[in-house]
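One letter stands for each residue in the lines below.
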Amino acid sequence: MKNNPRELAVEALTRVFKNKAYSNIEINNILNNSDMSDVDKRLMTNIVYGVIQHKYVLEYQLEPYLKDKKLDLWLDLLLQTAIYQLSYLDKIPEHAVLNESTEIAKQKANRGAGNLVNAVLRNFQRHGAREMSGKDTVYDLSKFYSVPRWLVQLFIDQQGMAKTKEILKSINQPSHVSIRVNTNKTTVSNLQKTLQSKGFDVKPSKISSVGLICESGNLVNTDEFKDGLYTIQDESSMLVAPALDLKPDSRVLDACAAPGGKTTHIASYIKDGEVTALDIHKHKTKLIRDNSQRMGYSDIISTGAIDARKAKDVLNTTFDRILVDAPCSGLGLIRRKPELRYFRQEEDLMNLQRVQLQILDSMVDLLEVNGKLVFSTCTFDEENEAVVKKFLADHKNFELEPVKHEAVMDKSVKDGMLKVLPSDYFTDGFFIATFVRKN
């Protein structure tokens, strides 16, 4: 069983950049199949996220020593992991980084690869880090924060320079864990005390009355999690269920539901109603059912493997509440899924708008008159407002209603729509709009 955190970090990074895989999934796969100590697990995780978050900086530091050499992906990433450790991890002995990185290269390839790694790293040690410009140009901001230029330009165009710099700075900081308390089984204060007694540094969310945040620790392996007293969910997404203005007898359609965090939150409001949860992938509907069972809502939630764009052709009932938590660019998730910044392209935004409108169009006849349709995404760029505008233009019997929200979120609501930037509350970026069917 492999147990070298530096080698496993390179393995995880190679999978991420070769296969456009999610870093958190690759990290978990490796951790679950390794016999590393907790210290080494933390080191490996730190290296993987650190390299992804600072990739352009690391490439910039390596540039003088590689010139135009074309390296295999794993070797390039190995050098980046080494520069990351030398530049950002002050508790790591430099000789350990050099020796292990050189040895990994030798074992994975040959002595020549090891010599190359050794020479590059010793040169970097000798000359030190290259200075980076502090200028506020798109090029320099892109390099400094390791965000593609088109994305920096998009943020500047939509948010202005000052807010863009806040966002860029925010998304490269380590994320914390947030949980939503299942208030049908316990209270927020009781759960907070219980988790604190187990050594977790837990405090209340600033934006959700049912949320708790924890700076670190594995909150999935506790008895409380297994017993359904809480679920892992970002604070921003805890704002969605309240926006539906749910009643105890509401009949709700969650059109894009997996893995079921928002679905179970919706169910927590329901007594005599029901929740129908759809996902296009059959295997993901099992995640919804598993979450429903653990949280105690399996009698309220039913699932279906249905493409939400075709829901109107499959379902033969109507609902008084519908949630479309739509597929989106995911730009609001970059802090937790930093690789997304490299994989998204500008044209993706337009393609996703089309999909979102197709899903919303499919919901129109499934919503009862005076029913409410909530549209949400985990992004904060103006693709959201464009979709809202187009939907209203195409469906004159729908009106925009101000999003129901807690008072603490007042400053995040504009023109009745709620938008959270990643830098506002150190949460995911998020967007919520509410439509009402008038006739």
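Because the structure is predicted, anything quoted here is derived from the model rather than measured.

Here is what the cut-offs are and how they apply
Residues take numbers from 1 onward in each chain, read along the sequence in its written order. In view of the model being predicted, local features appear only for residues whose pLDDT reaches at least 70, and side-chain atom pairs are presented and counted only at 80 or more, with totals across whole chains, interfaces and linings using the full set of residues. As a rule here, side-chain values come from all non-hydrogen atoms in the structure, and water together with hydrogens is ignored. Under the scheme used here, helices are H or I runs from DSSP no shorter than 4 residues and strands are E runs no shorter than 2 residues, and both carry numbers assigned from the N terminus. Here the term buried applies to any residue with accessible area under 20% of the maximum for its type, exposed to any over 50%, and partly exposed to those in between, with areas from a 1.4 Å probe on protein chains only. What qualifies as a polar contact is a pair of N or O atoms within 3.5 Å, subject to a donor-acceptor requirement within protein and to the restriction that residues adjacent in sequence count only when both atoms come from side chains. A contact between two residues is defined here by any heavy atoms of the two lying within 4.5 Å. The pairing criterion for strands is at least two bridges between them, as found by DSSP. To define axes, lines are fitted to C-alpha atoms, for helices over the stretch in contact only, and angles between the resulting N-to-C directions are given on a 0 to 180 degree scale.

Peer 1: How do you make sense of the side chain of glutamine 192 when you look at a structure like this?
Peer 2: Mapping glutamine 192 onto the fold places it in helix H11 (residues 188-197). The exposure class assigned to glutamine 192 is buried, which follows from its relative accessible area of 16%. Of the polar contacts made by the side chain of glutamine 192, one reaches the backbone oxygen of valine 202; its length is 3.2 Å. What glutamine 192 contacts, discounting residues up to four positions off in sequence, is Val202, Lys203, Pro204 and Leu212.

Peer 1: Could you clarify how one ought to interpret the sheet that holds strand E4 (residues 230-232) in this entry?
Peer 2: The pairing of strands in a sheet happens through backbone hydrogen bonds and is either parallel or antiparallel. Taken in spatial order, the four strands of this open sheet run E2-E3-E1-E4, and their pairing is antiparallel. Bordering the open sheet on either side are strand E2 (202-204) and E4, each of which pairs with just one other strand. Put simply, the sheet's adjacent strands are angled 30 degrees from each other on average, direction ignored. Examined bridge by bridge, E2 and strand E3 (residues 211-214) share three bridges and lie antiparallel to one another. Bridging across to E3, valine 202 finds its partner in cysteine 214. In this fold H11 packs onto strand E1 (177-181), E2, E3 and E4, with an angle of close to 160 degrees to the strand it touches most, E2. Against the sheet, helix H15 (residues 282-295) engages E1 and E4, with an angle of about 150 degrees to E4.

Peer 1: Got a minute to help me understand unusual backbone geometry in this structure?
Peer 2: Keep in mind that most residues, glycine aside, have a negative phi and that most peptide bonds are trans. In this structure, proline 259 follows alanine 258 across a cis peptide bond, with omega equal to 5 degrees. Mapped onto the elements, proline 259 comes out in the loop between strand E5 (251-254) and helix H14 (261-267). Its identity as a non-glycine residue notwithstanding, lysine 67 has a phi of 50 degrees, on the positive side. Tracing the chain through its elements places lysine 67 in the loop between helix H4 (55-66) and helix H5 (73-88).

Peer 1: When you look at the environment of isoleucine 266 in this model, what are you seeing that I'm missing?
Peer 2: Here isoleucine 266 shows up in helix H14. Given a relative accessible area of 0%, isoleucine 266 falls into the buried group. Taking the C-alpha atoms as reference points, isoleucine 266 and valine 240, 26 residues apart in sequence, are found 8.7 Å from one another. For isoleucine 266, the residues in contact, after removing those within four places along its chain, are Ala241, Leu244, Leu246, Val252, Asp254, Val275 and Leu323.

Peer 1: Can you help me understand the pairing of strand E13 (residues 430-437) in this one?
Peer 2: Look at any regular strand and the pattern is simple: side chains alternate between the two faces of the sheet. The buried fraction of E13 is high, at eight of eight residues. Every second residue of E13 is oriented toward a common face, with Phe430, Ile432, Thr434 and Val436 on one face and Phe431, Ala433, Phe435 and Arg437 on the other, all of them buried. Summarising the sheet, strand E9 (residues 367-377) and E13 pair through six bridges and their orientation is antiparallel. Directly across from phenylalanine 375, in E13, lies its bridge partner alanine 433. Judged from the four bridges that link them, strand E10 (residues 398-401) and E13 form a sheet pairing that is antiparallel. Paired with phenylalanine 398 across the two strands is arginine 437, which belongs to E13. Here three bridges tie strand E12 (residues 417-420) to E13, and the two strands are oriented antiparallel to one another. Following the sheet pairing, lysine 419 is matched in E13 by phenylalanine 431.

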